[in-house]
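Here are the chains, one letter per residue:
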Amino acid sequence: MLLSVAGCKQEAQHSPDVWALVNGKRSSARMSINTTDARQPEGQEPSQEEALSLKLNVLDELINNEILLERAKKLNLEASDGEVEDKFTELKSPYTEDEFQRQLKERNVSVIDLKSDLRRQLSITKLLNREVVAKITITDQTSRSFTTRIKRSST
């Protein structure tokens, strides 16, 4: 797996929104990290170290999601158009059309961006359900043992 972090020496120049290359594919963030959104409880700006840590966490999540999405595509576990539309409708349902459009505008997200993100999230969820959740087995013995330990620790 090839991983190249934006800012490192690269053969070709990429747009500023490209944060990493994962297996040759650009991974970018549509959002910029605004460190003023990560203020401390006292209202203080985060330190330079905290701001860098936040950025590295976002980069780590971008890379992990790109790897999971690539695996989902390889296993034909991409979310269908119908699944994306169902999730979109579910997200939109509590709002009037005007309220929903205002929410999108406040977050600087288009309907296309939202549906693209939904497809990515749903595809990753399908992958995790198949590759992880489906392989977890909890026997009655394990359940009883766990319950017994919980009861002992609470007394």
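The rules behind these values
Sequence order as written defines the numbering, with residues in each chain counted from 1. Restriction of local features to residues with pLDDT of at least 70 applies here, the model being predicted, together with a cutoff of 80 or more for giving and counting side-chain atom pairs; totals for whole chains, interfaces and linings are based on all residues. The side-chain figures draw on all heavy atoms in the structure; neither hydrogens nor water molecules are used. Axes here mean lines fitted to C-alpha atoms, for a helix over just the part in contact, with angles spanning 0 to 180 degrees between N-to-C directions. Think of it this way: any DSSP run of H or I at least four residues long counts as a helix, any run of E at least two long counts as a strand, and we number them from the N terminus. Roughly parallel covers angles under 35 degrees, roughly antiparallel covers those over 145, roughly perpendicular covers 65 to 115, and oblique covers all other angles. Should the near helix be turned anticlockwise from the far one by less than a right angle, the crossing is termed left-handed; should it be turned clockwise, right-handed. For this analysis, residues touch if any pair of their heavy atoms sits within 4.5 Å. Residue classes follow a fixed rule: Ala, Val, Leu, Ile, Met, Phe, Trp, Tyr, Cys and Pro count as nonpolar, while Asp, Glu, Lys and Arg count as charged, and any other residue, Gly among them, counts as polar. Between the rings of Phe, Tyr and Trp (Trp by its six-membered ring), a pair exists once the centres lie within 6.5 Å; its type follows the angle of the planes, with under 30 degrees stacked, over 60 edge-to-face, and the other angles tilted. Burial classes follow relative accessibility: with a 1.4 Å probe on protein chains only, a residue under 20% of its type's maximum area counts as buried, one over 50% as exposed, and anything between as partly exposed. Both a distance and an angle decide whether a charge sits over a ring: NZ of Lys or CZ of Arg must be within 6 Å of the ring centre and within 35 degrees of the ring normal.

(A) Layout of the packing of helix 2 (residues 81-92) against helix 4 (residues 111-131). Where helix 2 contacts helix 4, the axes come no closer than 9 Å and their chain directions differ by 115°. Here helix 2 is positioned roughly perpendicular relative to helix 4, judged by the angle of their axes. As for how helix 2 packs across helix 4, the hand of that crossing is right-handed. Of the residues in helix 4, those touching helix 2 at Asp81, Glu83, Val84, Glu85, Lys87, Phe88 and Leu91 are Val111, Leu114, Lys115, Leu118, Arg119, Leu122 and Lys126. Among the residues forming the contact of helix 2 with helix 4, the class breakdown is seven nonpolar, no polar and seven charged.

(B) Seen up close, the packing of aromatic side chains. What the rule picks out here adds up to two aromatic pairs. Taken together, a centroid distance of 5.5 Å and an interplanar angle of 85° make the contact between Phe88 and Phe100 edge-to-face. Of the two residues, Phe88 is situated in helix 2 and Phe100 in helix 3 (residues 97-106); the sequence distance between them amounts to 12 residues. Here Phe88 and Phe100 have matching classes, each one buried. Seen in terms of ring centroids, Tyr95 and Phe100 are 6.4 Å apart; in terms of plane orientation they differ by 40°. Their pairing is tilted. The rings of Phe88, Tyr95 and Phe100 are connected pair by pair, giving a single aromatic cluster. Here Lys115 stacks its cationic end above the ring of Phe88, 4.7 Å away from the centre of that ring.

(C) Focus on unusual backbone geometry. In this structure, Asn76 takes a positive phi of about 55° despite not being glycine. For Asn76, the position within the fold is in the loop between helix 1 (48-74) and helix 2. Despite not being glycine, Asn108 shows a phi value in the positive range, around 55°. Turning to its location among the elements, Asn108 is positioned in the loop between helix 3 and helix 4. Accessibility expressed as a relative area gives 69% for Asn108, which makes it exposed.

Everything listed here is a matter of coordinates, which is why it stays silent on function.
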